[in-house]
Every structure is written in C-alpha cells, then in structure tokens.
Amino acid sequence: MSEIEKRTEEMVLPILEDFGFDLYDTEYVKEGNDYYLRVYIDKEGGITSDDTTDVCRRLSERIDEEKNFISEKYILEVSSPGLTRALTKPKHFSSSIGKDVEFKLYKPIEYEDNGKKFKAKEFIGILKDYDEQNDSVTIGIDENEMTFQINDIASIHLWIDF
C-alpha cells in the first residue's frame, strides 16, 4: 500500500463512520497519462450514487485542506466495489469463502481433469480457503481443488453467472 493510499484511508475513515459506511479499498494508480485516487465504499444493502457523491465531496474538501498531499494532478473517484468486486486484502478473501470467483494467473499452468491435460491461466471456481500465513487460496474447480499463492494471481474477483 502506497503512502497516498494509506493517508487517504486515514482521512476517509472518519467520514465513512459519520455516514455508517465501510471502507472496502483504496487505490492510487496511473492509467495512461492520468492518475486516479479511487476509494471503494460499502454498506449493508449497497451504496447509492448519492452516497458516493456525499463521501466524494467531503473527502475532496479534506484532501484540499492537506497541503502537498499529492503532487501530481489526479482524478478522485468514490464508488461501490460492485457485485464482482476485486479481492485484494486478507479480509476480502476471508469474507468470500464459499463464493464463486473468477481469477487470472500471471502465467498459465498445466493441470489434469478427467484424464485430459490442459494449460490455462483463467479459471472460475469456488473460493474454498484462504491461508493468511502462507498467503494462498484454495479454489474448487469442478471436482478438483487447487491451491495458489496470492503472488501468482494477477486478479481475482467475485463471479456472478448472469
């Protein structure tokens, strides 16, 4: 976590507490020529556009009070993590055990299913376990269970079959 993300969390937590919302995640990233400071918020029953607007306004005011917080020009976004939210923190993994996930590995792996050999790097399965000590997840894919180090996973999201 960058210092900007850490400081943003410190600033937004009291704001979220006032509204009764939870902080899901923060990220400070460069995409193309632009920097984005994103804050993902949540609450029981879901977040509305009015909720994100209220938090964004208050957070923007709070950031403006803090001189030299971010030296680059950036875009502030406050949103819900969404139904297919990314799992990035230990608490995300722990609270998602038993749920369907879609994940992509950095490089393909070879595996066997029903006597046939496959090579893939994208999977859909059920998050069976999260081992915080070993920083790994166990995913149930069809009848098989596979364990992956978090560092080998490029992205992992909740998956919904529409």
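Preceding this section is the structure that the text describes.
Residues numbered from 1 in each chain as written. Predicted model: local features only at pLDDT ≥ 70, side-chain atom pairs only at ≥ 80, totals over all residues. Heavy atoms only, no water.

Chemist: Just give me the short version of the packing of helix H1 (residues 3-19) against helix H2 (residues 49-65), but keep the residues and values in it.
Modeler: For any two helices packed against each other, the geometry is given by the interaxial angle and the distance between the axes. Here H1 crosses H2 at 135°, and the two axes come no closer than 10 Å. One way to sum up the angle between H1 and H2 is to call them oblique. As for the relative orientation of H1 and H2, their crossing is right-handed in sense. Touching Arg 7, Thr 8, Met 11, Val 12, Ile 15, Leu 16, Asp 18 and Phe 19 of H1 are Asp 54, Val 55, Arg 58, Leu 59, Arg 62 and Ile 63, all from H2. Along the lines of polarity and charge, the residues of the contact of H1 with H2 split into 8 nonpolar, 1 polar and 5 charged. (Axes fitted to C-alpha atoms, helices over the stretch in contact; angles between N-to-C directions. Helix = DSSP H or I, 4+ residues; strand = E, 2+ residues; numbered from the N terminus. Parallel < 35°, antiparallel > 145°, perpendicular 65-115°, else oblique. Left-handed = near helix turned anticlockwise from the far one by under 90°. Contact = heavy atoms within 4.5 Å. Nonpolar A, V, L, I, M, F, W, Y, C, P; charged D, E, K, R; others polar.)

Chemist: Outline the sheet that holds strand S2 (residues 34-42), supporting the account with residue identities and numerical values.
Modeler: The strand order S1-S2-S3 describes an open sheet built from 3 strands, whose pairing is mixed. Whereas interior strands pair on both sides, the edge strands pair on one side only; in this sheet they are strand S1 (22-31) and strand S3 (74-79). Shown here is a sheet whose adjacent strand axes are inclined to one another by a mean of 15°, direction ignored. Bridging between S1 and S2 involves 9 bridges; their strand directions are antiparallel. In the sheet register, Glu 31 faces S2, and the bridge partner there is Asp 34. On top of the sheet, H2 reaches S2 and S3; it is set at about 140° to S3, its chief contact. (Pairing = 2+ DSSP bridges.)

Chemist: Describe the packing of aromatic side chains, naming the residues involved and giving the relevant values.
Modeler: Given two aromatic rings, their pairing is described by the distance between the two centres and the angle made by the two planes. The final tally for this structure, using the stated rule, is 8 aromatic pairs. Relative to Phe 123, the ring of Phe 103 has its centre 5.3 Å away and its plane inclined at 20°; by these criteria the two rings are stacked. Residue Phe 103 is found in strand S4 (residues 100-113), and its partner Phe 123 is found in strand S5 (residues 116-131); the two are separated by 20 residues along the sequence. Three or more aromatic residues joined by ring pairs make a cluster, and in this case those are Phe 103, Tyr 111, Phe 118, Phe 123 and Phe 148. Sitting above the plane of the Tyr 24 ring, Arg 85 keeps its charged end 5.1 Å from the centroid. (Phe/Tyr/Trp six-rings, centres within 6.5 Å; stacked < 30°, edge-to-face > 60°. Lys NZ or Arg CZ within 6 Å of the ring centre and 35° of its normal.)

Chemist: Just give me the short version of the nonpolar core, but keep the residues and values in it.
Modeler: Soluble globular proteins tend to bury their nonpolar side chains together. In terms of nonpolar packing, the biggest core is built from 20 residues, with Phe 103, Val 137 and Ile 139 touching the most fellow members. If you list the elements that add at least two residues to this core, you get S4, S5, strand S6 (136-141), strand S7 (144-149) and strand S8 (153-158). No other element matches the 4 residues that S5 contributes to this core. Look past the residues within four positions of Ile 139 in its chain and what remains in contact with it is Val 101, Phe 103, Gly 125, Ile 126, Leu 127, Lys 128, Asn 144, Glu 145, Met 146, Phe 148 and Ile 156. In terms of nonpolar packing, the next biggest core, distinct from the first, is built from 19 residues, Phe 21, Leu 37, Ile 41 and Ile 70 among them. (Core = buried A, V, L, I, M, F, W, Y, C linked by side-chain atoms within 4.5 Å. Buried < 20%, exposed > 50% of the residue type's maximum accessible area, 1.4 Å probe, protein only.)

Chemist: With reference to specific residues and values, describe the sheet that holds S4.
Modeler: With antiparallel pairing, 5 strands are arranged side by side in an open sheet as S7-S6-S5-S4-S8. Either end of the sheet is taken by a strand with one partner, and the two such strands are S7 and S8. Within the sheet, the average angular offset between the axes of one strand and its neighbour, ignoring direction, is 45°. As judged from the 5 bridges shared by S5 and S6, these two strands associate in the antiparallel manner. Bridging from a neighbouring strand, Tyr 130 pairs with Val 137 of S6.

Chemist: Tell me about the pattern of salt bridges, and name the residues and values.
Modeler: Applying the stated criterion across every chain yields a total of 12 salt bridges. Put simply, Glu 66 and Arg 7 hold a salt bridge, and the shortest N to O gap is 2.8 Å. One end of the pair, Glu 66, is in the loop between H2 and S3; the other, Arg 7, is in helix H1, with 59 residues separating them in the sequence. Assessed through its relative accessible area of 23%, Glu 66 is described here as partly exposed. Overall, Arg 7 belongs to the partly exposed group, its relative accessible area being 22%. For Lys 89, the salt bridge is made with Glu 9, and the minimal N-O distance between the two is 3.0 Å. With a gap of 80 residues between them, Lys 89 in the loop between S3 and helix H3 (90-95) and Glu 9 in helix H1 connect regions that are remote in the sequence. Take Lys 89: its relative accessible area is 17%, and that puts it in the buried class. Through salt bridges with shared partners, a single ionic network connects Arg 7, Glu 10, Arg 62, Glu 65 and Glu 66. (Salt bridge = Lys/Arg side-chain N within 4 Å of Asp/Glu carboxyl O.)

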